[in-house]
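Letter by letter, the chains look like this.
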Amino acid sequence: MLRSCARLIRRGIALPGQPQSPRPLPCCYTTPRFYSPEVIRDYAMPNATWSKNLQDLYNRYMEGSQSGAWERIPSYNATVHHIKGVPPSRTRENRLFTRNLDQDGVGFEYSMFYNKAERRMVCLFQPGPYLEGPPGFTHGGCIATIIDSTTGAGAVYLCGSVMTANLTINYKNPIPLGHVVIIDSKVERVEGRKVYTSCQIRSHDDAVLHTEASALFIKLGP
Ligand SMILES: CCCCCCCC/C=C\CCCCCCCC(=O)SCCNC(=O)CCNC(=O)[C@H](O)C(C)(C)COP(=O)(O)OP(=O)(O)OC[C@H]1O[C@@H](n2cnc3c(N)ncnc32)[C@H](O)[C@@H]1OP(=O)(O)O
């Protein structure tokens with residue numbers, strides 16, 4: 001028992017009633033074991049794994065972007081590239097959770113469009129086979145992730161840097177893997193540092209309401 005407690009403490013894991021001891025980052029975070037520098041790519045562009053439904057919706061919003069109503073949001077595989085601009089190649093191992101797989105089509109396949117006048121961020125989403133929860137359906141945590149990312153991107157585009165403080169989700173109908181859905185989010189109001197957003201997920205043809213959600217983001221300092 002004593003020996004296993006000592007082992008936990010050595011690994012920096014806090015025992016009940018004890019503060020967590022500082023410990024160095026494991027080497028997998030500090031040495032480039034998992035990545036080699038790669039050319040930066042915009043993941044929000046069509047690829048061969050997109051279904052006709054996803055491609056058709058994308059084309060429709062791209063037409064909307066020609067009138068200036070909608071703006072396509074580029075998407076890279078590290079959050080820092082959104083904030084600091086895009087270097088020619090990746091230099092860090094960290095990856096954005098929704099863009100962390102090397103193979104197209106198996107995970108989060110999506111593209112976002114922003115409507116500034118309506119404070120809306122829309123995400124066209126095709127969940128791949130690696131996002132399974134119940135057999136054949138999308139995992140609820142993945143649905144939460146794409147809602148957080150869409151409402152969060154809407155809050156960022158309106159207000160700058162934010163963090164999610166609260167996310168409330170009503171799962172109404174399961175989302176079959178491979179089916180295309182539209183995540184339609186809106187900034188409802190801004191009160192001081194608080195940014196209130198709402199969101200609905202509907203099937204690509206608008207026939208099924210899959211999910212309803214609201215999220216609160218807090219604006220961060222400069
Ligand atoms: C993010 C940048 C992305 C950039 C991308 C750009 C391009 C777009 C591309 C791709 C989209 C990607 C988008 C990704 C989105 C993902 C976001 C996440 O996953 S964030 C990780 C999960 N969230 C946390 O880990 C937060 C942990 N919590 C905190 O750090 C703090 O609690 C924080 C910052 C939320 C607030 O802390 P305080 O100290 O700054 O502020 P206090 O004083 O506590 O709160 C301010 C006000 O807010 C209320 N408040 C705070 N939390 C609340 C809550 N849970 N419910 C209700 N009110 C709350 C308080 O009551 C206070 O209100 P009163 O001013 O007094 O009226």
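If you check an unreviewed UniProt entry, the protein appears there as Acyl-coenzyme A thioesterase THEM4 from Xenopus tropicalis. Heading Sequence similarities (unreviewed entry) of the UniProt record for the protein holds this comment: "Belongs to the THEM4/THEM5 thioesterase family."

K.L.:
Describe the overall build of the protein, naming the residues involved and giving the relevant values.
P.N.:
Of the regular secondary structure elements, the protein holds five helices and seven strands. Counting all 222 residues of the protein, 37% fall into the buried class. By sequence separation, contacts in the protein at least 24 residues apart represent 63% of the contacts at least 6 residues apart. Of the accessible surface of the protein, which amounts to about 12,800 Å², a share of 55% is contributed by carbon and sulfur atoms.

K.L.:
Residue-level account of the environment of H81, with values.
P.N.:
Note that H81 resides in helix α4 (residues 79–84). Given the relative accessible area of 7%, H81 is considered buried. Taking C-alpha positions, H81 is 9.8 Å from L96, a pair spaced 15 residues apart along the chain.

K.L.:
Explain the pairing of strand β7 (residues 209–219) to me, using residue names and the numbers behind them.
P.N.:
Here strand β4 (residues 162–171) pairs with β7 via nine bridges, running antiparallel. Counted as the bridge partner of N170 is E212 from β7. Of the pairings in the sheet, the one linking strand β6 (residues 194–203) to β7 comprises nine bridges and is antiparallel in character. Looking across to β7, one finds that K194 is bridged to I218. From the end of β6 to the start of β7, which pair antiparallel, there are five residues, and D206 there has a positive phi angle of about 75°.

K.L.:
Go over the environment of L124 with me, naming the residues and quoting the values.
P.N.:
Note that L124 resides in strand β3 (residues 120–127). For L124, a relative accessible area of 0% puts it in the buried group. Residues L124 and I183 lie 59 residues apart in sequence; the distance between their C-alpha atoms is 6.5 Å. Non-local contacts of L124, meaning those with residues more than four positions away in its chain, are made with L54, L57, Y58, Y61, E109, Y110, S111, F113, V181 and I182.

K.L.:
Go over the sheet that holds strand β2 (residues 108–115) with me, naming the residues and quoting the values.
P.N.:
Here we have seven strands laid out as an open sheet, ordered β1-β2-β3-β5-β6-β7-β4, and antiparallel in their pairing. Of all the strands in the sheet, just β1 (71–73) and β4 have a single pairing partner and so form its edges. Neighbouring strand axes in the sheet, compared pairwise and without regard to direction, differ in orientation by 25° on average. Here β1 pairs with β2 via three bridges, running antiparallel. Bridge pairing in β2 places R72 opposite F113. Across the sheet, helix α3 (residues 52–66) touches β1, β2, β3 and β5 (181–191), and the angle it forms with β3 is around 160°. Packed on one face of the sheet, helix α5 (residues 140–159) meets β1, β2, β3, β4, β5, β6 and β7 and runs near 135° to β4.

K.L.:
Any chance you could break down the side chain of D42 for me, citing the residues and the numbers?
P.N.:
Positionally, D42 belongs in the loop between α2 (27–30) and α3. On the basis of relative accessible area, D42 is assigned to the buried category, the value being 19%. A polar contact is formed between the side chain of D42 and the backbone nitrogen of A44, at a distance of 3.0 Å. A distance of 2.6 Å separates polar atoms of two side chains, one belonging to D42 and the other to R72. Excluding its chain neighbours within four sequence positions, the residues that come into contact with D42 are R72, P74, S75 and Y76.

K.L.:
Tell me about the pattern of salt bridges, residues and numbers included.
P.N.:
Tallied over the full model, the rule gives nine salt bridges. Residues K52 and D56 are paired through a salt bridge, measuring 2.7 Å at the closest nitrogen-oxygen approach. In this pair, K52 and D56 are both assigned in helix α3, four residues apart and thus about one turn of the helix distant. With a relative accessible area of 62%, K52 lands in the exposed category. The class for D56 is partly exposed, based on a relative accessible area of 33%. Between R120 and E118 there is a salt bridge, and its shortest N-O distance comes to 2.6 Å. Relative accessible area serves as the criterion here: at 37%, E118 is assigned to the partly exposed category. Because the salt bridges share partners, they merge into one network encompassing E118, R120 and D184.

Cut-offs used in this document
Residues numbered from 1 in each chain as written. Predicted model: local features only at pLDDT ≥ 70, side-chain atom pairs only at ≥ 80, totals over all residues. Heavy atoms only, no water. UniProt positions renumbered as here; feature names shortened; annotations may be inferred. Helix = DSSP H or I, 4+ residues; strand = E, 2+ residues; numbered from the N terminus. Buried < 20%, exposed > 50% of the residue type's maximum accessible area, 1.4 Å probe, protein only. Contact = heavy atoms within 4.5 Å. Areas by Shrake-Rupley, 256 points an atom, 1.4 Å probe, with all protein chains shown as cover. Pairing = 2+ DSSP bridges. Axes fitted to C-alpha atoms, helices over the stretch in contact; angles between N-to-C directions. Polar contact = N/O pair within 3.5 Å; in protein donor to acceptor, adjacent residues only side chain to side chain. Salt bridge = Lys/Arg side-chain N within 4 Å of Asp/Glu carboxyl O.

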